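So the chains spell out like this:
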Amino acid sequence: MPTVEELYRNYGILADATEQHKDAYQVILDGVKGGTKEKRLAAQFIPKFFKHFPELADSAINAQLDLCEDEDVSIRRQAIKELPQFATGENLPRVADILTQLLQTDDSAEFNLVNNALLSIFKMDAKGTLGGLFSQILQGEDIVRERAIKFLSTKLKTLPDEVLTKEVEELILTESKKVLEDVTGEEFVLFMKILSGLKSLQTVSGRQQLVELVAEQADLEQTFNPSDPDCVDRLLQCTRQAVPLFSKNVHSTRFVTYFCEQVLPNLGTLTTPVEGLDIQLEVLKLLAEMSSFCGDMEKLETNLRKLFDKLLEYMPLPPEEAENGENAGNEEPKLQFSYVECLLYSFHQLGRKLPDFLTAKLNAEKLKDFKIRLQYFARGLQVYIRQLRLALQGKTGEALKTEENKIKVVALKITNNINVLIKDLFHIPPSYKSTVTLSWKPVQKVEIGQKRASEDTTSGSPPKKSSAGPKRDARQIYNPPSGKYSSNLGNFNYEQRGAFRGSRGGRGWGTRGNRSRGRLY
């Protein structure tokens, strides 16, 4: 093996007349077999003259890779830093593949070098780099797959437009569809983040494509199984990804139909793997958010009736009175305001499409029963609106930020929303003109004369819920804390878990199979 002096001597020969001294380059390649000093020099000299000896390309790349796996961290870092110099012509996808595998390092400095090297070759040839990344995502070890997906989800958005061309984005979409045939829940969320950030998918047709991808993941063609926690979890995760994509031009009809036909009738039997999650409220909130963007529905009357029947379950009749005027029962019904807000809002949105549903589609007795329930609920509502306003009166700034007062503020939004919607339905004939902002959604302030920014332009990213996968804010279910309508108060977080789409490669609704592959360079 060559010494440091021999390496420098051969470096001088190559610097003066490269092409004629293949033997001098071979000496430098042999430097990887030397000691620490020789390896450090080889890590710098091999890439410097690489392009002049195409017949030794494989030997040179393999020599550099040996240095990338060296026990000495400084040698590894130097070798990784120089890898982009090997990314020429047909070698680039191979270098991208190698760098992707090197993402599994636990050394933070090395990891940053690998990221920078990948970004560097991305700017040389985006398609070739994507080939290496997706090759490992589809076939690599779990840790490599995971980090390659995270690389795409965090780094793509930092690349300039001249790198992420329309053709490159089309390749990302095509390759992503292959990966989505077998992904975990967390991976699915990351890929939706990747795809929804592409410029070419910011248009109406682009958003529609994404909705169709989500619908396929959600298996909306299959019969819903409420007793299977994974089935329920998958539907919730997929719907969460779809909700920000819906707009007046990208309709939620398919999802709303599925919820009305398959989920609402089974609401009481839903199971979930997420501890502490109020699964029924979660479903109702998602339905409410989607109902605003529902298009023409095939079985509108049937589904509206299912929604109406479910609403009745949460709109109790007033308790019967005994002869002395006291309640015949031991206690009055509990009013579940959070549930009713969701159901009433969804009914109000879909009812606009069939405004004579209450008057023409229900018999007189059924309508009378509904009005009694509305009136009873409205009475209880007014009591709590007054109590909440009194409790919050004069409170501003820091005083409103206490946990107790934040809950009261949300509760006031819920009760006010229900109040507005009930007033609409009391009109003769019932009206569907009022608009409310769901209690858990931020209020959108629009300046007079200023057009609301469209979700379907190509200039911005889709509306997001806080992510990860995506993560949601802690949601609060409001039930009055005390008094004759009392119930419990609970908070919960929804977390991403589970897996998607069958069991290829050991993934499916569980974990991906571990494949110990060793070095695949």
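Here, the structure is the one placed above.
About the cut-offs
Residues numbered from 1 in each chain as written. Predicted model: local features only at pLDDT ≥ 70, side-chain atom pairs only at ≥ 80, totals over all residues. Heavy atoms only, no water. Helix = DSSP H or I, 4+ residues; strand = E, 2+ residues; numbered from the N terminus. Buried < 20%, exposed > 50% of the residue type's maximum accessible area, 1.4 Å probe, protein only. Areas by Shrake-Rupley, 256 points an atom, 1.4 Å probe, with all protein chains shown as cover. Core = buried A, V, L, I, M, F, W, Y, C linked by side-chain atoms within 4.5 Å. Contact = heavy atoms within 4.5 Å. Arc of directions from axis to C-beta. Salt bridge = Lys/Arg side-chain N within 4 Å of Asp/Glu carboxyl O. Expected span 1.5 Å × (residues − 1). Polar contact = N/O pair within 3.5 Å; in protein donor to acceptor, adjacent residues only side chain to side chain. Disulfide = S-S within 2.5 Å.

1. A closer look at the overall build of the chain
Now for step 1: For the chain, the helix and strand inventory stands at 20 helices and 2 strands.
Now for step 2: Of all 521 residues assigned to the chain, the portion counted as buried reaches 50%.
Now for step 3: When the accessible surface of the chain is summed, it comes to about 25000 Å², and 47% of that surface belongs to carbon and sulfur atoms.

2. Regarding unusual backbone geometry
Now for step 1: Between isoleucine 428 and proline 429 the backbone carries a cis peptide bond, its omega angle lying at -5°.
Now for step 2: Phi angles above zero are rare outside glycine, and aspartate 219 is one such case at about 55°.
Now for step 3: As for its position among the elements, aspartate 219 is in the loop between helix 12 (204-218) and helix 13 (229-242).

3. Concerning the nonpolar core
Now for step 1: Ranked by size, the top nonpolar core spans 150 residues in total, and within it Ile46, Phe255, Phe347 and Leu358 carry the most contacts.
Now for step 2: Ignoring sequence-local partners within four residues, the contact set of phenylalanine 255 consists of Val211, Val214, Ala215, Ala218, Leu220, Thr239, Ala242, Phe246 and Met290.

4. Section: the environment of valine 27
Now for step 1: With respect to the helices and strands, the residue valine 27 is situated in helix 2 (residues 22-29).
Now for step 2: According to the relative accessible area criterion, valine 27 is partly exposed, its value standing at 24%.
Now for step 3: Remark: the alpha-carbon pair of valine 27 and threonine 3, spanning 24 residues in sequence, is separated by 9.7 Å.

5. Let's talk about the side chain of arginine 373
Now for step 1: Summarising the element assignment, arginine 373 is placed in helix 19 (residues 364-392).
Now for step 2: Under the relative-accessibility criterion, arginine 373 is labelled buried at 15%.
Now for step 3: What arginine 373 contacts, discounting residues up to four positions off in sequence, is Leu312, Met315, Pro316 and Leu317.

6. Focus on helix 2
Because each turn of an α-helix spans 3.6 residues, side chains separated by three or four positions end up pointing in the same direction.
Now for step 1: Regarding helix 2, the residues found buried are Ala24, Tyr25, Ile28 and Leu29. What you see down the axis of helix 2 is that its buried residues fit within an arc of 150°, all on one side.

7. Details of the pattern of salt bridges
Now for step 1: For the coordinates displayed, the defined rule picks out 24 salt bridges.
Now for step 2: Residue arginine 254 pairs with glutamate 221 through a salt bridge whose shortest N-O separation is 2.8 Å. Of this pair, arginine 254 sits in helix 14 (residues 253-263) while glutamate 221 is found in the loop between helix 12 and helix 13, placing the two residues 33 residues apart along the sequence.
Now for step 3: The exposure class of arginine 254 is partly exposed, given its relative accessible area of 42%.
Now for step 4: Under the relative-accessibility criterion, glutamate 221 is labelled exposed at 64%.
Now for step 5: In this structure, the salt-bridge partner of glutamate 404 is lysine 408, at a minimum N-O distance of 3.0 Å. Note that glutamate 404 and lysine 408 are positioned in helix 20 (residues 403-426) at a spacing of 4 residues, about one turn of the helix.
Now for step 6: On the basis of relative accessible area, glutamate 404 is assigned to the exposed category, the value being 53%.
Now for step 7: Beyond isolated ion pairs, a larger network of salt bridges with shared partners links Asp161, Glu169 and Lys199.

8. Some words on helix 7 (residues 108-124)
Now for step 1: Taking 1.5 Å as the rise per residue, helix 7 with 17 residues should run 24 Å; its terminal C-alpha atoms sit 25 Å apart, in good agreement.
Now for step 2: Burial in helix 7 covers these residues: Glu110, Val114, Asn115, Ala117, Leu118, Leu119, Ile121 and Phe122.
Now for step 3: Tucked into the core, helix 7 has its buried residues touching helix 5 (73-82), helix 6 (92-102), helix 8 (126-139) and helix 9 (142-155).
Now for step 4: For helix 7, the capping residue at the N-terminal end is aspartate 107, with a side-chain oxygen 3.1 Å from the backbone nitrogen of alanine 109.

9. A look at the state of the cysteines
In protein structure, a disulfide is the covalent linkage between the sulfur atoms of two cysteines.
Now for step 1: Taken as a whole, this structure holds 0 disulfides when the rule is applied.
Now for step 2: Cysteine cysteine 260 is unpaired, with the sulfur of cysteine 294 as its nearest cysteine sulfur at 7.6 Å.
Now for step 3: For cysteine 260, a relative accessible area of 0% puts it in the buried group.

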